[in-house]
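In case you want the letters, here they are:
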Amino acid sequence: MFRTAIRAQSLFKSALTVAKPNIASSSRLMSKHSTETDEQFDARYENYFNRKDIDGWEIRQGINDLWGHDLVPEPKILDAALKACRRVNDFALAVRILEAVKDKCGSKVDEIYPYIIQEIRPTLNELGISTPEELGYDKPELALQSVFEMH
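Below you will find a few notes about this structure. What you see is a predicted model, and the numbers here were worked out from it, not measured in a lab.

1. Looking at the pattern of salt bridges
Phase 1 of the analysis: The tally for this structure, following the rule as stated, stands at seven salt bridges.
Phase 2 of the analysis: In this structure, the salt-bridge partner of R44 is E36, at a minimum N-O distance of 3.0 Å.
Phase 3 of the analysis: For R44, a relative accessible area of 39% gives the class partly exposed.
Phase 4 of the analysis: When salt bridges that share partners are traced, they join R51, D53 and E58 into one network.

Below, the structure is given as structure tokens:
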């Protein structure tokens with residue numbers, strides 16, 4: 001009986017007490033903006049893809065990390081990535097990189113993508129890699145004619 005009375009009293013007390021707001025201010029201790037220059041950024045990724053012991057998974061990881069940035073990679077980075085794909089003998093990954101570059105160009109695809117292809121053309125010819133456009137991957141394979149364009 002005594003336990004029940006104490007429990008009821010503590011429940012009644014907790015129902016009446018108002019939680020005090022936490023007024024303590026806090027600041028987030030985060031790193032400041034990166035001090036890495038564009039040249040250092042390019043060199044970091046170029047060195048990453050130029051490693052001799054790189055494998056397919058690491059190439060995909062590097063490309064995924066690179067795509068996380070709000071930029072279209074420089075042609076010298078793409079050259080290094082394509083050569084890494086050739087070292088691991090992964091033609092499909094090389095073509096996917098080129099498709100992703102075109103997608104990364106966004107609304108300026110007509111300006112940026114031809115420049116990128118022009119700059120990496122010697123590497124593409126050296127490695128025997130075709131662009132997605134040369135392979136016909138830029139058009140749907142089984143696309144039907146639009147009903148609005150018929151007749």
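Picking up after the structure, the text goes on.
2. What about the layout of surface pockets?
Phase 1 of the analysis: Here the largest pocket is characterised by a volume of approximately 230 Å³.
Phase 2 of the analysis: Residue lining of the largest pocket: E36, D38, F41, D42, R44, H69, D70, L71, V72, P73, E74 and I77, and that is the complete set.
Phase 3 of the analysis: No other element matches the four residues that helix α2 (residues 38–49) contributes to the lining of the largest pocket.
Phase 4 of the analysis: In terms of residue class, the lining of the largest pocket is built from five nonpolar, one polar and six charged.

3. Some thoughts on the packing of aromatic side chains
Phase 1 of the analysis: Evaluation of the coordinates by the stated rule reveals two aromatic pairs.
Phase 2 of the analysis: Across from the ring centre of Y48, 4.9 Å away, lies the NZ or CZ of R51, which sits over that ring.

4. Here we look at unusual backbone geometry
Phase 1 of the analysis: Here N89, not a glycine, exhibits a phi torsion of approximately 60°, which is positive.
Phase 2 of the analysis: Along the chain, N89 falls in the loop between α4 (75–87) and α5 (91–104).

5. Thoughts on the side chain of D42
Phase 1 of the analysis: Within the secondary structure, D42 is located in helix α2.
Phase 2 of the analysis: For D42, which is buried and forms no salt bridge, the nearest opposite charge comes from K76, at a distance of 4.1 Å.
Phase 3 of the analysis: If near-sequence neighbours (up to four positions away) are discounted, D42 is found in contact with E74, K76 and I77.

Cut-offs and rules
- Residues numbered from 1 in each chain as written.
- Predicted model: local features only at pLDDT ≥ 70, side-chain atom pairs only at ≥ 80, totals over all residues.
- Heavy atoms only, no water.
- Salt bridge = Lys/Arg side-chain N within 4 Å of Asp/Glu carboxyl O.
- Buried < 20%, exposed > 50% of the residue type's maximum accessible area, 1.4 Å probe, protein only.
- 1 Å grid on protein atoms, 1.4 Å probe; cavity = no way out; pocket = protein on both sides within 12 Å on 5 of 7 lines; lining within 4 Å.
- Points joined across faces, edges and corners; volume = space filled by probe spheres on them.
- Helix = DSSP H or I, 4+ residues; strand = E, 2+ residues; numbered from the N terminus.
- Nonpolar A, V, L, I, M, F, W, Y, C, P; charged D, E, K, R; others polar.
- Phe/Tyr/Trp six-rings, centres within 6.5 Å; stacked < 30°, edge-to-face > 60°.
- Lys NZ or Arg CZ within 6 Å of the ring centre and 35° of its normal.
- Lys, Arg positive; Asp, Glu negative; His and termini not counted.
- Contact = heavy atoms within 4.5 Å.

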